[in-house]
Amino acid sequence: MAIVYSKTEGLTDKQFHYCPGCTHGIIHKLVGEVLVELGVLGKTVGVAPVGCSVLAYDYFNCDMHEAAHGRAPAVATGIKRVLPDNVVFTYQGDGDLASIGTAEIIHAAHRGEKFTTIFVNNAIYGMTGGQMAPTTLIGQKATTAPLGREVATAGMPLRMSEMLATIDGAVFVERCTVHNVAGIRKTKKAIKKAFEVQLEGKGFGIVEVLSTCPTNWGLTPVESLKWLEENMIPYYPLGNFRTPEEGK
Ligand SMILES: Cc1ncc(C[n+]2csc(CCOP(=O)(O)OP(=O)(O)O)c2C)c(N)n1
Ligand code: SF4
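Everything numeric here is computed off the predicted structure, so don't read it as measured data.

Draft legend 1. Just the nonpolar core, in detail. By size, the foremost hydrophobic cluster in this structure holds 29 residues, and its most contacted members are Val31, Phe60, Phe89, Ile118, Ile191, Phe195 and Val207. Among the elements of the structure, helix H1 (24-37), strand S3 (87-93), strand S4 (116-121), strand S5 (170-177), helix H8 (181-199) and strand S6 (204-210) are those that each provide at least two residues to this core. For Phe60, the contacting residues outside a window of four places in its chain are Gly10, Leu11, Thr12, His28, Val31, Gly32, Phe89 and Tyr91. Of all hydrophobic cores here, the second largest spans 22 residues; its members include Val45, Ala72, Leu164 and Ala165.

This is the structure:
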């Protein structure tokens, strides 16, 4: 029988540990496919975060480095500066990137470090059991906000892409979603573009991907996709915030 689909060589054969309906796996697949299509898998170094994707070093079929929570951009800076001909990326959740690692990501962008960040925003701390993240929506329940996030005490959810797009060194900034097929296709295009920007030596690039966490949202996989579409996208609008053509 003809093979019509096979797993990308950009991923190892290791079975994902992600919960059913979690879209981390889709995002992994897209990154793996892009690295293969760009022909850079053999010279790529990824930096894994702390969060549910802490084991990303087992899944991507390239060299990988682990970083302490939030510090992936600092680690990636060191790797890229020492190995400028290699392709370097970080893969980070919203707790990792938008909370403990806020300074690292902002200053890596500010310095115009020439690596790529895949930012997985699921509006919650997944790995540690559903605590509120800076990205948690108003009214969204979390273990540390059992009645839902309140503006008075927790402020408004942080829009990282919009903020990073104000920084001159961040030459490519786009927000995407993987809750449906059209969104998955656009996300792949954005990831590819972000890596191309790195290959052209233009500066820092980031793709924010809106992602599900059925386990901590307390929803089924299908309900989670709907919840993302109906609740996350209105607050986190999709689109490109910066391209090299516009930036400088
Ligand atoms: C220095 C440090 N502080 C806190 C933690 C605990 N911790 C591990 S993962 C995590 C949050 C992960 O959430 P996120 O980055 O959104 O990723 P997700 O699990 O949702 O994919 C926290 C607070 C840690 N490991 N190290
Ligand atoms: S806890 Fe949430 S983010 Fe983590 S693997 Fe499960 S569904 Fe995915």
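Once you've had a look at it, read on.
Draft legend 2. Broad picture of the layout of surface pockets. Put simply, the largest pocket is a space of about 200 Å³. If you go around the largest pocket, you meet 17 residues; those closest to its centre are Val50, Gly51, Cys52, Gly126 and Met127. Within the lining of the largest pocket, the residues separate by chemical class into six nonpolar, nine polar and two charged.

Draft legend 3. Focus on H1. With 14 residues, H1 ought to run about 20 Å at 1.5 Å a step, and its terminal C-alpha atoms sit 20 Å apart, in line with that. Of all the 14 residues making up H1, 10 are buried; the element is thus mostly covered by neighbouring parts of the structure. Tucked inside the fold, the buried residues of H1 contact strand S1 (44-48), helix H2 (56-59), S3, S4, H8 and S6. One or two positions beyond H1, positive phi appears at Gly39, with a value near 70 degrees.

Draft legend 4. Molecular detail of the pattern of salt bridges. Summed over all chains, the structure comprises 12 salt bridges. Among the salt bridges present, the one from Arg81 reaches Glu113, with a minimum N-O distance of 2.7 Å. A residue pair is termed long-range when its members are at least 10 positions apart, and Arg81 in helix H3 (residues 72-82) and Glu113 in the loop between helix H5 (102-110) and S4 qualify at 32 residues. Assessed through its relative accessible area of 56%, Arg81 is described here as exposed. For Glu113, a relative accessible area of 5% puts it in the buried group.

Draft legend 5. Fine view of the pairing of S1. Across the five residues that make up S1, a large majority, five, are buried. Burial of S1 is two-sided: the residues Thr44, Gly46 and Ala48 facing one way and the residues Val45 and Val47 facing the other way are all buried. As judged from the four bridges shared by S1 and S3, these two strands associate in the parallel manner. Each bridged residue has a counterpart across the sheet, and for Thr44 the counterpart in S3 is Val87. When S1 meets strand S2 (residues 63-66), the two strands line up parallel, connected through four bridges. Its bridge partner lying in S2, Ala48 is registered against Glu66.

Draft legend 6. Broad picture of the environment of Trp227. One can find Trp227 in helix H10 (residues 221-235). The spacing of Trp227 and His17 is 210 residues in sequence and 23 Å in space, taken between C-alpha atoms. Every residue in contact with Trp227, bar those within four places of it in the chain, is listed here: Leu137, Gln140, Trp217, Leu219 and Met232.

Definitions and limits used
- Residues numbered from 1 in each chain as written.
- Chains lettered and ligands numbered in written order.
- Predicted model: local features only at pLDDT ≥ 70, side-chain atom pairs only at ≥ 80, totals over all residues.
- Heavy atoms only, no water.
- Core = buried A, V, L, I, M, F, W, Y, C linked by side-chain atoms within 4.5 Å.
- Buried < 20%, exposed > 50% of the residue type's maximum accessible area, 1.4 Å probe, protein only.
- Helix = DSSP H or I, 4+ residues; strand = E, 2+ residues; numbered from the N terminus.
- Contact = heavy atoms within 4.5 Å.
- 1 Å grid on protein atoms, 1.4 Å probe; cavity = no way out; pocket = protein on both sides within 12 Å on 5 of 7 lines; lining within 4 Å.
- Points joined across faces, edges and corners; volume = space filled by probe spheres on them.
- Nonpolar A, V, L, I, M, F, W, Y, C, P; charged D, E, K, R; others polar.
- Expected span 1.5 Å × (residues − 1).
- Salt bridge = Lys/Arg side-chain N within 4 Å of Asp/Glu carboxyl O.
- Pairing = 2+ DSSP bridges.

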